[in-house]
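Inside the fold
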Amino acid sequence: MTNFLKNTGIMLLIILLLFGYSDAAANETQNIKNLKLPDYGPHIFKEVQNEPGFISVRGKMPTIIDNKEKLEWTDKLVQCSINNKEMDKYYSASGGPVLSFGTSINGYLEVGCNSATPEQINESVINEIYQVIDEQCEKEGVADVPVVFIWTEMATEETPGFASIMLILSMLLLVKIRK
């Protein structure tokens, strides 16, 4: 009798997991359809050129209107940015002009250049940085990757939210040390 109950319990668990998986898949499809991502296309580059802090664009914006394809595209861009170890030498901590580098929700990679050191940025530096980014992206299957260069400021203690960020980083460090 116990084997019967044990087997029945296992079967019920499997059935519940399968239904849960099917509901999760349906919810994911519904969530993707409800995303409010902008349509990607060349118009994005035109719009960003009017933003304060704009420096330059490189590459080509793909035209993507399907939300699932937009997510796949941004996932590729995320992989391009996190796998690009060559960018390390351009960060301000290494004496370079870059403060930030990552994926924008608008479908391009964004390079934030230190507005306090504008003398470090010129066309040849932008082209050099773009070449490093484009080479890594080609390894990830993305050719002629769209990149926007903008001016940004280094976070300071006066920067809104700085204390919150420092608190979170400190807590993460403490958790890591305790392990």
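Reference entry: report on the structure contained in this document. Quick caveat, the model's predicted, so the values are computed rather than measured. Numbers given for residues are sequential positions, taken from 1 along each chain in its written order. At least 70 in pLDDT is required for a residue's local features to be given in this predicted model, at least 80 for side-chain atom pairs to be given and counted, and no such filter applies to totals for whole chains, interfaces and linings, which use all residues. Processing note: side-chain calculations cover all non-hydrogen atoms of the structure and skip hydrogens and water entirely.

This next bit is on the environment of Glu135. Position of Glu135 among the secondary structure elements: in helix H4 (residues 123-139). The sequence separation of Glu135 and Val145 amounts to ten residues, and the corresponding C-alpha distance is 9.3 Å. Numbered from the N terminus, helices here are DSSP runs of H or I no shorter than four residues, and strands are runs of E no shorter than two.

In this section: the packing of aromatic side chains. Paired rings are identified among Phe, Tyr and Trp, the last through its six-membered ring, by centres lying within 6.5 Å, and are further divided according to the angle between planes into stacked (under 30 degrees), edge-to-face (over 60) and tilted (the rest). A complete count under the given rule lists zero aromatic pairs for this structure. We call a charge positioned above a ring when the Lys NZ or Arg CZ atom is no farther than 6 Å from the ring centre and deviates by at most 35 degrees from the ring normal. A cation sits over an aromatic face here: Lys70 above Tyr40, 5.9 Å from the ring centre.

This next bit is on unusual backbone geometry. Of note, the phi angle at Asp144 is positive, near 55°, even though the residue is not glycine. Topologically, Asp144 is positioned in the loop between H4 and strand E4 (147-152).

Turning our attention to the sheet that holds strand E1 (residues 54-58). A sheet is described by the order of its strands in space; here four strands give the open sequence E1-E4-E3-E2, paired in mixed fashion. Pairing within the sheet leaves two strands with one partner each, and these edge strands are E1 and strand E2 (98-103). This sheet shows a mean twist of 20° between the axes of neighbouring strands, independent of strand direction. DSSP calls a pair of strands paired once it identifies at least 2 bridges connecting them. Relative to E4, E1 runs antiparallel, the two being bridged by four bridges. Residue pairing for E4: Val57 is matched across the bridge by Val148. The angle between two axes is taken between their N-to-C directions and runs from 0 to 180 degrees, where each axis is a line fitted to C-alpha atoms and a helix contributes only its stretch in contact.

Between its terminal C-alpha atoms helix H3 (residues 67-82) stretches 22 Å, which fits the 22 Å expected from 16 residues at 1.5 Å a residue. Think of it in three bands: residues with accessible area under 20% of the maximum for their type are buried, residues over 50% are exposed, and the middle band is partly exposed, with areas taken using a 1.4 Å probe on protein chains only. When we look at burial in H3, the residues that qualify are Asn67, Lys70, Trp73, Thr74, Leu77, Cys80 and Ser81. The buried residues of H3 all sit within an arc of 130° when viewed along its axis, so they share a single face. We call two N or O atoms a polar contact when they sit within 3.5 Å, provided that within protein one can donate a hydrogen and the other can accept it, with sequence-adjacent residues counted only if both atoms are side-chain atoms. Capping the start of H3 is the job of one residue whose side-chain oxygen sits 3.2 Å from the backbone nitrogen of Lys68: Asp66. One less than the residue count of a helix, multiplied by 1.5 Å, gives the span that helix is expected to have. By arc we mean the arc of the directions from the helix axis to the C-beta atoms, nothing more.

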